[in-house]
Amino acid sequence: DAFVVKVARAKALNAFLVETPNHALAAAKDADAARAAGEVLKPLAGVPIGMKDLFCTAGVPTTAGSDILAGFTPTYDSTISQNLWDAGAGMLGKLNMDQFAMGSSNETSAFGNVISPWRRSGGSNADLAPGGSSGGSAVAVSARLCPGATGTDTGGSIRQPAAFTGISGIKPTYGRCSRWGTIAFASSLDQAGPMARDVRDCAIMLAAMAGFDAKDATSLKLDVPKWEHGLSSNLNGLRVGIPKEYRIDGTPEEIDALWQRGIDWLRDAGAEIVDVSLPHTKYALPAYYIIAPAEASSNLARYDGVRYGLRDLPEGAGLQDMYAATRADGFGEEVKRRIMIGTYVLSAGFYDAYFTQASKIRTLIARDFERAFEQCDVILTPTAPSAAFALGEKSDDPLAMYMNDVFTVPSSLAGLPAMSVPGGLDKHGLPLGLHLIGRPLDEQGVLNAGLAIE
Ligand code: GLN
């Protein structure tokens, strides 16, 4: 009976869109057979993981959290999912997410909110947002429904939900993980990464996911480092940068306290703390909310009712009517908002004023990081400006929602590896995350600093 209640509670969190227990079971059986035959086990032999529903999975419906992909079942696996199966993992199911990965609370999903397993102690007892867009992944791991899950991160979608739910998650350097077969949001920013209970699990899972893929033109032709073997929480000689521009007015006291705790922990682990400056930080969020919608408006043009999923064909309708009806019905409000912003900033009269300007800012932000990394090896900041907020609290205010990404977006624009690790609890007992940003390709530095915090 206790088990039944637990299952019912787990289902109420709404993390899984589709369950695929047989897939996980087959991997477990393969692992057993390999063990019985005395073979060397694969790195993820038999490990049951959850897949964000942005990854195409052969024979398993894939929705990107949107009605417009209703009825779409890919005939192939994404490179990321295939890499995980090749490493021995099996799939427990597909995880709920913000529609097309646009959102910071999971409320833009067409399949209902994901609910955080965490509760505020004292004060309001409202259901809390798990963060987003990889909210289903964060909740599946946080609620102990699976030991690890895949996420994707365009502007913070691995790191912010990890912070909200007390788990770890890393976005690798842009190009480490293949984007092939992952439904595109903003192609110059999208990166897959693992979400897991701790830093070591993230290192193991990331190694299975990463690697060169000829099918993705931006894939880096580099070997995958042995991150797990390089793990060390001894930070002697490491210089940790604290960017002064991330101290923004109105940040709650407990976020400052969190940051200070992180500084102390890293210093205790042997690191030297240095002040650095990232002068263009305040332009990152506006630049991101031009570049990401611009790329999205182009990527989402393919959902036309002809090729995938939903098709609305009103009586006597022509082709244009079919396009319009399908897109009007299939896309959610936030997705439409992004498509409209995106087409606007790319339109002939406004391209230079918006898209070109935003692209220039992006370059300046990348240069800020290059200069800062002359003085330090890793940068430490809070992951998000607050702990998890209540469901519904920000859903009518897109700008308040976008503000959640203020600390995660700059490193996304610069393509840098970045990770969130649990950094303690706030006064209501809710998890807070600390955020580590590394030089290009220095996932190891980020993981090691994360290990020292954890
Ligand atoms: N919250 C951000 C957005 O809505 C980031 C999303 C993401 O990283 N996929 O665009």
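All of these numbers come straight from a predicted model, not from anything done at the bench.

S.K.: Honestly, the overall build of the protein chain in this entry has me stumped. Any pointers?
M.R.: The secondary structure content of the protein chain amounts to 15 helices and 11 strands. Taken over C-alpha atoms, the radius of gyration comes to 21 Å for the protein chain, in line with the 22 Å a tight globule of 454 residues would show. Expressed along its principal axes, the backbone C-alpha trace of the protein chain runs to roughly 70 × 65 × 50 Å. With 454 residues in all, the protein chain has 53% of them scored as buried. Contacts spanning at least 24 positions in sequence make up 77% of the contacts within the protein chain whose residues lie at least 6 apart.

S.K.: Looking at this structure, I do not really get the site of the ligand. What am I missing?
M.R.: Taken together, 13 residues lie near the ligand, and Ala 101, Ser 104, Thr 154, Gly 155 and Ser 157 sit nearest. Of the residues contributing to the shell around the ligand, the split by class is 4 nonpolar, 7 polar and 2 charged.

S.K.: Please clarify how the environment of Ala 324 should be interpreted in this entry.
M.R.: You can see Ala 324 is positioned in helix α10 (residues 319-330). Residue classification places Ala 324 among the partly exposed positions, given that 16 C-beta atoms sit within 10 Å. In this structure, the C-alpha to C-alpha distance between Ala 324 and Asp 304, residues 20 residues apart in sequence, is 8.2 Å.

S.K.: Any chance you could explain the environment of Tyr 402 here in plain terms?
M.R.: Topologically, Tyr 402 is positioned in helix α13 (residues 398-403). For the pair formed by Tyr 402 and Pro 48, sequence separation is 354 residues and the distance between their alpha carbons is 33 Å. Discounting residues that sit within four places of it in the chain, Tyr 402 has contacts with Leu 285 and Tyr 289.

S.K.: Help me understand the UniProt feature "active site" (unreviewed entry) in the protein chain in this model?
M.R.: Mapped onto this numbering, the UniProt entry annotates "active site" (unreviewed entry) at Lys 52, Ser 133 and Ser 157. The greatest C-alpha distance among the residues just named is 11.2 Å, despite their covering 106 residues of sequence, which places them together in space. Tracing the chain through its elements places Lys 52 in strand β2 (residues 48-52). As for its placement among the helices and strands, Ser 157 is situated in the loop between β4 (148-153) and α5 (159-165). Once you skip the residues sitting within four places of it in the chain, Ser 157 turns out to touch Ala 101, Gly 132, Ser 133, Ser 134, Gly 151 and Thr 152.

S.K.: Would you mind showing me how to read unusual backbone geometry here?
M.R.: Excluding glycine, residues mostly carry a negative phi; peptide bonds, for their part, are mostly trans. In this chain, Gly 132 is followed by Ser 133 through a cis amide linkage whose omega measures 10 degrees. With respect to the helices, strands and loops of the structure, Ser 133 is situated in the loop between β3 (90-95) and α4 (135-142). Even without being glycine, Asn 14 reaches a positive phi, approximately 65 degrees. Topologically, Asn 14 is positioned in the loop between α1 (2-12) and β1 (16-19). One non-glycine residue, Ala 101, lies in positive phi territory at about 65 degrees.

S.K.: In this structure, what is going on with the confidence of the model for the protein chain? I would like to understand it.
M.R.: Caution applies to low-pLDDT parts of the model: their predicted coordinates are not meant to be read in detail. When pLDDT is averaged across the protein chain, the result is 96; 100% of the residues are at 70 or more. As a predicted assembly, this complex carries a pTM of 0.97 together with an ipTM value of 0.98.

S.K.: I keep staring at the pairing of strand β9 (residues 378-382) and nothing clicks. Help me out?
M.R.: If a strand is regular, its side chains alternate between the two faces of the sheet. Counting buried positions over the 5 residues of β9 gives 5, a clear majority of the element. Burial along β9 is two-sided: Val 378, Leu 380 and Pro 382 facing one way and Ile 379 and Thr 381 facing the other are all buried. Judged from the 2 bridges that link them, strand β7 (residues 239-243) and β9 form a sheet pairing that is parallel. Bridging across to β9, Val 240 finds its partner in Val 378. Relative to strand β11 (residues 431-438), β9 runs antiparallel, the two being bridged by 5 bridges. Residue pairing for β11: Val 378 is matched across the bridge by Gly 438.

S.K.: How should the pairing of β2 be read in this particular structure?
M.R.: Of all 5 residues in β2, 5 are buried; the element is thus mostly enclosed. As defined by bridge partners, β2 adjoins β3 across 5 bridges and the pair is classed as parallel. The residue bridging Gly 50 from the neighbouring strand is Gly 93, located in β3. With helix α3 (residues 79-86) bridging β2 and the parallel β3, this β-α-β connection has right-handed handedness.

S.K.: Looking at this structure, how should I read the packing of helix α6 (residues 199-209) against helix α15 (residues 443-453)?
M.R.: The description of two packed helices rests on the angle between their axes and on the distance between the axes. Their axes nearest at 9 Å, the elements α6 and α15 cross at an angle of 160 degrees. Considering the angle they form, α6 stands roughly antiparallel to α15. Of α15, the residues touching α6 (which contributes Val 199, Ala 203 and Leu 206) are Glu 443, Leu 447, Gly 450 and Leu 451.

S.K.: Please clarify how helix α12 (residues 351-375) should be interpreted in this entry.
M.R.: Because an α-helix completes one turn every 3.6 residues, residues spaced three or four positions apart along the sequence face the same direction. Its 25 residues give α12 an end-to-end C-alpha distance of 36 Å, which sits within 8% of 36 Å, the value for a rise of 1.5 Å per residue. If you check which residues of α12 are buried, you get Tyr 354, Phe 355, Ala 358, Arg 362, Ile 365, Asp 368, Phe 369, Ala 372 and Phe 373. Buried residues belonging to α12 abut β7, β8 (272-276), α9 (284-299), α11 (333-345), β9 and α14 (409-413).

S.K.: Even after reading the chapter, I still don't get the packing of helix α8 (residues 253-268) against α15, so can you show me in this structure?
M.R.: For the pair α8 and α15, interaxial distance at closest approach is 9 Å and the crossing angle is 100 degrees. Judged on the interaxial angle alone, α15 and α8 are roughly perpendicular. Here Gly 262, Trp 265 and Leu 266 of α8 come into contact with α15, specifically with Ala 449, Ala 452 and Ile 453.

How each quantity is defined
Along each chain, the written sequence defines residue order, and numbers are assigned to residues from 1. Per-residue local features are limited, in this predicted model, to residues with pLDDT of at least 70; the limit for side-chain atom pairs, both in listing and counting, is 80 or more; totals at the level of whole chains, interfaces and linings are taken over all residues. Numbering of helices and strands starts at the N terminus; helices are DSSP runs of H or I of at least 4 residues and strands are runs of E of at least 2. Throughout, the radius of gyration refers to the C-alpha atoms, and the reference size of a globule is 2.2 Å times the residue count to the power 0.38. Burial is judged by counting other C-beta atoms within 10 Å of a residue's own C-beta: 20 or more means buried, 12 or fewer means exposed, and anything between counts as partly exposed, with every C-beta placed from the backbone. Contact criterion: two residues are in contact if their C-beta atoms, reconstructed from the backbone, are within 7 Å. Working rule for contacts: place C-beta from the backbone, and if it is within 6 Å of a molecule or strand, that residue counts as near it. We call Asp, Glu, Lys and Arg charged. Ala, Val, Leu, Ile, Met, Phe, Trp, Tyr, Cys and Pro are nonpolar, and the rest, Gly among them, are polar. UniProt positions are given in the numbering used here, feature names are shortened, and annotations may be inferred rather than shown by experiment. How sure the predictor is of each residue is captured by pLDDT, a score from 0 to 100. A pair of strands counts as paired when DSSP detects no fewer than two bridges linking them. By definition, the crossover connecting two strands over a helix is right-handed if that path, from the first strand to the second, turns clockwise as seen with the strands pointing away from the viewer. The axes are straight lines fitted to the C-alpha atoms, using for helices just the contacting stretch, and the angles between their N-to-C directions are given from 0 to 180°. Should an angle fall under 35 degrees it is called roughly parallel, over 145 degrees roughly antiparallel, and 65 to 115 degrees roughly perpendicular, with every other angle called oblique. By this rule the span expected of a helix is its residue count minus one, scaled by 1.5 Å.

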